[in-house]
Amino acid sequence: MPDWASPVARYILEQGLPGMLRVAVVSLIGSTVIGVVLGTLLTIHFRPSRWLIRAYIEVFRGLPIIVTVFLVYYGLPPLSATLQFSPLNATAIALVLWGSAQVAEASRGAVGSIPAEQHEAAAALGFGWVGRHRYVILPQALRRLLPPLVSLLVNIIQNTTLAGVIGGLELLSAAQRQNERVAAVPPIGTGQIHALEIFLGIAVLFFIISFPLTRLAAYLERRLV
Amino acid sequence: MLLATYDLWGFVSENRHELWHGFVNTIKVSAIAILGSYAIGITLGAARAHRIPVVSQFTAVYVEVIRCTPILVQIFLLFYALPQLGILLNQFTTAWVAVTIWGGAFHSENFRAGILAVSHRHREAALALGFRPLATFLNVELPIGGRIALPSSINTAISVVKNTSLMYVIGYMELTTTAINISNLTLETTEAITLLGIVYLVLVWSLSALIRTLERRLALPEGT
């Protein structure tokens, strides 16, 4: 490895990777929990709640995610000072809004695909609506939800790069900072441009993380369906 | 409260020329990229469905690389890394090239699946009638497979339109960049984001409505 490369790689892995992982993990958990709840509620035949959830899904699936990021990061603070978030948190919130809309749509299908007999059997055993879904329906639906959730994780990982747009430190913005530092005149940088190596390295890193996950999603799809 | 001064209409009318220009740029890049990505997707999707050597393997790699790396990284590679090889793309070129390459990868998967879903009996019937392979593709496989691929391909086209907003990172003056830049000067951030939300949702929802109409109009007759 040439001299300039090891501090670049260290900065990206030590400063950028944790930011990326934090946003990805929070977004995945938030999207799954909120999405499954909304998707399950969507199977209830009660018009006002269905309309509200539908509107939520259509809005956050329709908006470009970068606009949702701007909405959370720039649009919420004027409403209330407590709604001021760090770039990484704002990105995670935006990804949860987007991801939960995706999960809600998928889990509506997954919950709807569980045969009516399962509902009836659970009701006959004395379960109420919540218990029926908590112990009988959702455990079965979650199996069918697993492949789309892995695909969602891939999308979330790629979209963590949006945090860099509002100044958060994740992989791509870490690479961009190093790219600028390396190009600066000595002693700060080397005075040489290494953008190609740095951004190709980031692309390879994302590929190494994402590709196995896409294979996993395809494998689960074959196994579980 | 800042919201007391909220004035969406004022924001739009005072900056209508710039915003209109930004909107036109969004539409321009989207239109080029949608056409280009369909062309790439149909060609490469067909090549993959027919397992044409070299092209097929190339497409498989192309699709995985695009799907497994963030589009922002692809944009950065085009805009910041290519100049190192002596290839300088301006913002407009970077914008349409990036989304075209991205959309092409997704479309080639859509059309590969669509063409593979065409029953081989249709293909054999065409060949038996004396159609050459290319004529079989154009007259039989593409019309049927294309219809099967249509809903997913329009979803890809919608994503292409949404992804043009990412050109904010290279400062290309499409709608998002324009609106956010203006709001940085005038502090009308809430207005800018409201406008962006309305415009993109109208664009995306109209295209989704188009899918549903086309699906009904172009639905394959029963039994095919």
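These numbers were taken from a predicted model, which means no experiment stands behind them.

**Things to note about the overall build of chain B**
Thought 1: Along its length, chain B carries nine helices and zero strands.
Thought 2: For chain B, the α and β elements follow one another from N to C terminus as α-α-α-α-α-α-α-α-α.
Thought 3: For the C-alpha atoms alone, the extent of chain B along its principal axes is close to 75 × 45 × 25 Å.
Thought 4: Counting every position in chain B, which comprises 224 residues, the buried fraction comes to 50%.
Thought 5: By sequence separation, contacts in chain B at least 24 residues apart represent 78% of the contacts at least 6 residues apart.
Thought 6: With 14 positive and 12 negative side-chain charges, chain B shows a spacing of 15 Å between the two charge centroids.

**Brief notes about the overall build of chain A**
Thought 1: The helix and strand inventory of chain A stands at nine helices and zero strands.
Thought 2: Counting from the amino terminus, chain A carries its helices and strands in the arrangement α-α-α-α-α-α-α-α-α.
Thought 3: Summarising its shape, the C-alpha atoms of chain A cover approximately 75 × 45 × 25 Å along the three principal directions.
Thought 4: When burial is assessed residue by residue, chain A has 46% of its 225 residues classed as buried.
Thought 5: The contacts in chain A between residues at least 6 apart in sequence include a share of 73% that link residues at least 24 apart.
Thought 6: Element-wise, carbon and sulfur atoms account for 66% of the exposed surface of chain A, whose accessible area totals about 10900 Å².

**Here's the deal with the pattern of salt bridges**
Thought 1: Summed over the entire model, instances satisfying the criterion amount to eight salt bridges over all chains.
Thought 2: Here Arg48 of chain B and Glu109 of chain B are joined by a salt bridge, their closest N and O atoms 2.9 Å apart. Linking Arg48 of chain B in helix H2 (residues 16–49) with Glu109 of chain B in helix H5 (residues 91–116), this pair joins segments that are 61 residues apart in sequence.
Thought 3: A network of salt bridges, in which partner residues are shared, links Arg54, Glu58, Glu105 and Arg108 of chain A.

**Re the packing of helix H8 (residues 171–183) of chain A against helix H9 (residues 195–224) of chain A**
Residue and element names in this part refer to chain A.
Thought 1: Where H8 contacts H9, the axes come no closer than 9 Å and their chain directions differ by 165 degrees. Here H8 is positioned roughly antiparallel relative to H9, judged by the angle of their axes. Of the two possible hands of crossing, H8 and H9 adopt the one that is right-handed. Here H8 contributes Leu171, Leu172, Ala175, Gln176, Gln178, Asn179 and Val182 to the contact with H9, which in turn contributes Ala195, Ile198, Phe199, Ile202, Leu205 and Phe206.

**Examining the interface of chain B and chain A**
Thought 1: Counting from both sides, the interface comprises 33 residues of chain B and, opposite them, 35 residues of chain A.
Thought 2: At the boundary of chain B with chain A, total buried surface from both sides reaches about 3000 Å², with 77% on carbon and sulfur atoms.
Thought 3: At the surface where chain B touches chain A, the tally comes to one salt bridge.
Thought 4: Close ionic contact of Glu64 of chain B with Arg215 of chain A constitutes a salt bridge, the shortest N to O distance being 3.1 Å.
Thought 5: Here chain B is connected to chain A by 10 residue pairs in polar contact (both at pLDDT 80 or more).
Thought 6: Counting only elements with at least two residues in the side of chain B that touches chain A, the list comes to helix H3 (55–67), helix H4 (71–81), helix H8 (175–186) and helix H9 (189–217) of chain B.
Thought 7: The biggest single contributor to the side of chain B that touches chain A is H9 of chain B, with nine residues.
Thought 8: Here the residues of the side of chain B that touches chain A are counted per class, giving 23 nonpolar, seven polar and three charged.

**Considering unusual backbone geometry**
Thought 1: Cis geometry is found at the peptide bond from Pro186 of chain A to Pro187 of chain A, where omega equals 5 degrees.
Thought 2: Notably, Arg51 of chain B is not glycine yet its phi reads approximately 50 degrees, a positive angle.
Thought 3: If you trace the backbone, Arg51 of chain B turns up in the loop between H2 and H3.

**Focus: helix H3 (residues 65–75) of chain A**
Thought 1: Across the 11 residues of H3 of chain A, eight count as buried, placing the element largely inside the fold.
Thought 2: When we look at burial in H3 of chain A, the residues that qualify are Ile65, Ile66, Val67, Thr68, Val69, Phe70, Val72 and Gly75 of chain A.

**Regarding the environment of Val69 of chain A**
Residue and element names in this part refer to chain A.
Thought 1: Its location among the elements puts Val69 in helix H3.
Thought 2: Put simply, Val69 and Ile93 are 24 residues apart on the chain and 8.0 Å apart in space, counted from C-alpha to C-alpha.
Thought 3: Sequence-distant contacts of Val69, defined by excluding residues within four places in its chain, comprise Thr91, Ala94, Leu162 and Ile166.

**Details of empty space enclosed by the protein**
Thought 1: Scanning all chains against the criterion turns up one cavity of 30 Å³ or more.
Thought 2: Its volume calculated, the largest cavity comes out at about 40 Å³.
Thought 3: Lining the largest cavity are Gln158, Asn159, Thr161 and Leu162 of chain A together with Pro70, Ile71, Leu72 and Leu166 of chain B.
Thought 4: Going through the elements one at a time, helix H6 (129–159) of chain A together with H4 of chain B are the ones with two or more residues in the lining of the largest cavity.
Thought 5: Here the lining of the largest cavity is built from residues that sort into five nonpolar, three polar and no charged.

**What to know about the confidence of the model for chain A**
Thought 1: Mean pLDDT over chain A stands at 92; residues scoring 70 or higher make up 100%.
Thought 2: Per-element mean pLDDT across chain A ranges from 91 in helix H5 (residues 116–124) of chain A up to 96 in helix H7 (residues 162–165) of chain A.

**Some remarks on the nonpolar core**
Thought 1: Among the nonpolar cores identified, the biggest contains 120 residues, and Ile12, Phe199 and Ile202 of chain A together with Ile75 and Met167 of chain B are the most heavily contacted of them.
Thought 2: Broken down by element, the residue count for this core peaks at 12 residues, all from helix H4 (residues 87–112) of chain A.
Thought 3: Those residues in contact with Ile202 of chain A, other than ones at most four positions away along the chain, are Ile12, Leu171, Leu172 and Ala175 of chain A together with Val73 of chain B.

**Digging into the packing of aromatic side chains**
Thought 1: Taken as a whole and assessed by the stated rule, the structure comprises 15 aromatic pairs over all chains.
Thought 2: Considering the side-chain rings of Tyr73 of chain A and Tyr74 of chain A, the 5.1 Å spacing of their centres and the 70 degrees angle between planes classify their relative orientation as edge-to-face.
Thought 3: Here the aromatic rings of Phe199 of chain A and Phe76 of chain B are separated by 5.4 Å at their centres, their planes lie at 80 degrees, and the arrangement is edge-to-face. A residue pair is termed interchain when its members come from two chains, as with Phe199 of chain A in helix H9 and Phe76 of chain B in helix H4.
Thought 4: Overall, the relative accessible area of 0% leaves Phe199 of chain A in the buried class.
Thought 5: With relative accessibility at 8%, the residue Phe76 of chain B sits in the buried group.
Thought 6: Three or more aromatic residues joined by ring pairs make a cluster, and in this case those are Phe70, Tyr73 and Tyr74 of chain A together with Tyr168 of chain B.

The rules behind each value
Residues numbered from 1 in each chain as written. Chains lettered and ligands numbered in written order. Predicted model: local features only at pLDDT ≥ 70, side-chain atom pairs only at ≥ 80, totals over all residues. Heavy atoms only, no water. Helix = DSSP H or I, 4+ residues; strand = E, 2+ residues; numbered from the N terminus. Buried < 20%, exposed > 50% of the residue type's maximum accessible area, 1.4 Å probe, protein only. Contact = heavy atoms within 4.5 Å. Lys, Arg positive; Asp, Glu negative; His and termini not counted. Charge placed at Lys NZ, Arg CZ, Asp CG, Glu CD. Areas by Shrake-Rupley, 256 points an atom, 1.4 Å probe, with all protein chains shown as cover. Salt bridge = Lys/Arg side-chain N within 4 Å of Asp/Glu carboxyl O. Axes fitted to C-alpha atoms, helices over the stretch in contact; angles between N-to-C directions. Parallel < 35°, antiparallel > 145°, perpendicular 65-115°, else oblique. Left-handed = near helix turned anticlockwise from the far one by under 90°. Buried area = accessible area lost by both parts, 1.4 Å probe. Polar contact = N/O pair within 3.5 Å; in protein donor to acceptor, adjacent residues only side chain to side chain. Nonpolar A, V, L, I, M, F, W, Y, C, P; charged D, E, K, R; others polar. 1 Å grid on protein atoms, 1.4 Å probe; cavity = no way out; pocket = protein on both sides within 12 Å on 5 of 7 lines; lining within 4 Å. Points joined across faces, edges and corners; volume = space filled by probe spheres on them. pLDDT = per-residue confidence, 0-100. Core = buried A, V, L, I, M, F, W, Y, C linked by side-chain atoms within 4.5 Å. Phe/Tyr/Trp six-rings, centres within 6.5 Å; stacked < 30°, edge-to-face > 60°.

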